[in-house]
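Architecture at a glance
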Amino acid sequence: MGTAKAVTNRVLVTGSGGQVGSELVPIFAARNYDVTGVDHQQLPVEDREAVLSLVHDLQPQYIVHAAAWTAVDLCESDPEKAMAVNADSMKYLVEAAEKCGARICYISTDYVFDGTKNGAYVESDRTNPQSVYGRSKLAGEQHARAVDMVARTAWVCGAHGNNMVKTILRLEKEHERLSFVDDQRGCPTFARDLAARIVELVELNATGIFHVTNSGAVSWYEFACEVLRQIGADPDRVTPITTDQLQPPRPAPRPANSVLDNAAMRALGLPPMDDFRIPLAQLLRDIGAL
């Protein structure tokens, strides 16, 4: 990592109760930043006046916007809320940041792509979101200025909140047979690794779009098999199915290809993030599954 900054460097983290925000706050604190984390109750990011007031009072030098409405299926039935939380919030933060000279990192998603590319997506690839969630996050990206950073990630799992690792562990206890799709591929990314890399990019004064994922591309079926393997269960209990076979069908379309190439990080000389199996094992230990 870059050199640690003095405590005069004030950082605001939105969404501090979520998977990524809850990891960002302690990492910034350990590196001697004066960090303030706010959850949705403390800062409803879709409320312009609340955003302007908090940023004015805090006067941060940097804002990491980790708050989002990530319930992709629910977003389909409430596009207005999705746009307010995921896009308008960024507009308000930019407005507030202009007044105090702050820069922003906006955490975005693989859902800005349609998933039809043959091969991993690089940062410059054309966006074409197919879901309300994806469109709202792309709209959020488009509010970023030249001095800001967009960190796109995918398939996030962590100790806090709900995610696929916890779902797989629950289903493994409840059912003898499990079914997961094998026609959606991505790079499982772990919140602590993601947060650490975002802090590193902040310290490098990085601007522009970055794809930030752990290494190793798999299908959800292969990921479920790996979770069972690591906890000592039989991966043969998992059956591969197609997205079309999901019951009930999911309201929001998922990108079939969510694999993100971390080309911009390589260009900065940053090493690849760990293969996902390494932080998966750590997460399983952290939540008492190993």
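Higher on the page you've got the structure.
Okay, so let's go over this structure.

With respect to the helices and strands, E23 occurs in helix α1 (residues 21-30). When the C-alpha atoms of E23 and L194 are compared, they prove to be 8.7 Å apart, with 171 residues separating the residues in sequence. With residues near it in sequence (within four places) discarded, E23 still touches H160, A191, R192 and A195. At a separation of 3.4 Å, a polar atom in the side chain of E23 contacts the side chain of R192.

One open sheet holds the six strands; their spatial order is β2-β1-β3-β4-β5-β10, and the pairing between them is parallel. Both edges of this open sheet fall to β2 (34-38) and β10 (208-211), since each of them pairs with a single strand only. Strand after strand, the sheet turns through a mean of 20° between neighbouring axes, direction not considered. Relative to β10, strand β5 (residues 149-153) runs parallel, the two being bridged by four bridges. Across the sheet, A151 pairs through a bridge with F210, a residue of β10. Across the sheet, α1 lies against β1 (10-14), β2, β3 (62-65) and β4 (103-109), angled at about 165° from β1, the strand it touches most.

As a further point, take the packing of aromatic side chains. Evaluation of the coordinates by the stated rule reveals six aromatic pairs. Between Y111 and Y133 the ring centres are 5.4 Å apart and the planes differ by 75°, which places this aromatic pair in the edge-to-face class. Of the two residues, Y111 is situated in the loop between β4 and α5 (132-141) and Y133 in helix α5; the sequence distance between them amounts to 22 residues. Classification of Y111 as buried rests on a relative accessible area of 13%. Y133 sits in the buried class, given a relative accessible area of 8%. Ring centres of W220 and F223 lie 5.9 Å apart, and the angle between their planes is 70°; on these two criteria the pair is classed as edge-to-face. Within this pair, W220 and its partner F223 are both found in helix α8 (residues 220-230), separated by three residues, close to a single helical turn. Taken individually, W220 and F223 each receive the classification buried, so the pair is uniform in this respect. Three or more aromatic residues joined by ring pairs make a cluster, and in this case those are W155, W220, F223 and F276. A cation sits over an aromatic face here: K81 above W69, 4.1 Å from the ring centre.

Basis of the calculations
- Residue indices begin from 1 for each chain and proceed along its sequence in written order.
- Local features in this predicted model are restricted to residues of pLDDT 70 or higher, and side-chain atom pairs are both shown and tallied only at a pLDDT of 80 or more, whereas totals for entire chains, interfaces and linings draw on every residue.
- Processing note: side-chain calculations cover all non-hydrogen atoms of the structure and skip hydrogens and water entirely.
- A helix here means a DSSP run of H or I that spans at least four residues, while a strand means a run of E at least two residues long, and both kinds are numbered starting from the N terminus.
- What makes two residues a contact is simply this: any of their non-hydrogen atoms within 4.5 Å.
- Pairing of N or O atoms within 3.5 Å defines a polar contact, subject to two protein rules: one partner must be a possible hydrogen donor and the other a possible acceptor, and residues neighboring in sequence count only if both atoms are side-chain atoms.
- Between any two strands, pairing holds if DSSP finds at least two bridges.
- Axis definition: a line fit to C-alpha positions, over the contact stretch in the case of helices; interaxial angles, taken between N-to-C directions, run 0 to 180 degrees.
- Planes of paired rings set the category: under 30 degrees apart is stacked, over 60 is edge-to-face and the rest tilted, where pairs are Phe, Tyr or Trp rings (Trp by its six-membered ring) whose centres lie within 6.5 Å.
- With a 1.4 Å probe rolled over the protein chains alone, any residue whose accessible area is under 20% of its type maximum counts as buried; one over 50% counts as exposed, and the rest are partly exposed.
- By the criterion adopted, a ring carries a charge over it if an Arg CZ or a Lys NZ lies within 6 Å of its centre and within 35 degrees of its normal.

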